[in-house]
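Structural overview
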Amino acid sequence: MRGHESRMLRLAVVAFACAMMAGCGGPLRYTPQGMGKAPGADAVIVADVNFDAAMTRLDINVKDLPPPERLDNSKSAFVVWARPDSDSPWQRIGALKYDVDDRTGKLKDVSVPMTRFELVISLENTSNPESPSSELVIKQDVEY
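Here is what the cut-offs are and how they apply
- Residues numbered from 1 in each chain as written.
- Predicted model: local features only at pLDDT ≥ 70, side-chain atom pairs only at ≥ 80, totals over all residues.
- Heavy atoms only, no water.
- Pairing = 2+ DSSP bridges.
- Helix = DSSP H or I, 4+ residues; strand = E, 2+ residues; numbered from the N terminus.
- Axes fitted to C-alpha atoms, helices over the stretch in contact; angles between N-to-C directions.
- Salt bridge = Lys/Arg side-chain N within 4 Å of Asp/Glu carboxyl O.
- Buried < 20%, exposed > 50% of the residue type's maximum accessible area, 1.4 Å probe, protein only.
- Core = buried A, V, L, I, M, F, W, Y, C linked by side-chain atoms within 4.5 Å.
- Contact = heavy atoms within 4.5 Å.

1. Some details on the sheet that holds strand β6 (residues 97-99)
With antiparallel pairing, the five strands of this open sheet are ordered in space as β1-β2-β3-β7-β6. The open sheet terminates on both sides in strands that have one partner only, identified here as β1 (28-30) and β6. The mean angle between the axes of side-by-side strands here comes to 10 degrees, regardless of whether they run parallel or antiparallel. Two strands pair when backbone bridges link them, and β6 and strand β7 (residues 104-112) are joined in this way by three bridges, in the antiparallel orientation. Residue pairing in the sheet places Asp 99 in a bridge with Thr 104 of β7.

Following this line, the structure appears as structure tokens:
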């Protein structure tokens, strides 16, 4: 019986260690596809959640993204927004740095004061609007 108890204890320790490692698996990675006027776009969103600080560090890369003015001649920017839930107002995170030659948009190393949130990228008239337009090109829920 002693061997059985020892084996069970080892199994419990291994299961606990695996559970702990699963919670510390590194940054979250999402690959949403484009929508709306940019259905051919592909994004990679890396979210590094810091629960102690209640913050998330984001790196966003979008490829095959047409120029904003090509999607709508009155538009000039792609802007990233976040909110904790649908009852909360959107917070502007930043504008994508757009490379017209590569057709890519990037936003690197920005912090969001949330650990779980909705994230969208919208097509905008300027890079600094007060709220997102209804023209979304990327949408992703960030959750652990």
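2. What about the pattern of salt bridges?
Under the counting rule described, the total for this entry stands at seven salt bridges. Measuring nitrogen to oxygen at the nearest pair gives 3.5 Å for the salt bridge that ties Asp 72 to Lys 37. Taken together, the residues span a long stretch of sequence, with Asp 72 in the loop between α2 (68-71) and β4 (77-83) and Lys 37 in the loop between β1 and β2 (42-50) at a distance of 35 residues. Classification of Asp 72 by relative accessible area gives buried; the value is 18%. Of the residues examined, Lys 37 reaches a relative accessible area of 39% and is grouped as partly exposed. Here the residues in one salt-bridge network are Lys 37, Asp 72, Lys 75 and Glu 135, joined through shared partners.

3. Comments concerning the nonpolar core
Of all hydrophobic cores here, the largest spans 27 residues; its most connected members are Leu 58, Ile 60, Leu 96 and Ile 121. Going through the elements one at a time, β2, β3 (55-63), β4, β7, β8 (117-124) and β9 (136-142) are the ones with two or more residues in this core. Examining the composition of this core, we find that four residues originate from one element, β8, more than from any other. Contact partners of Leu 96, with chain neighbours within four places excluded, come to Ile 60, Val 62, Leu 65, Phe 78, Val 80, Gly 105, Lys 106, Leu 107 and Ile 121.

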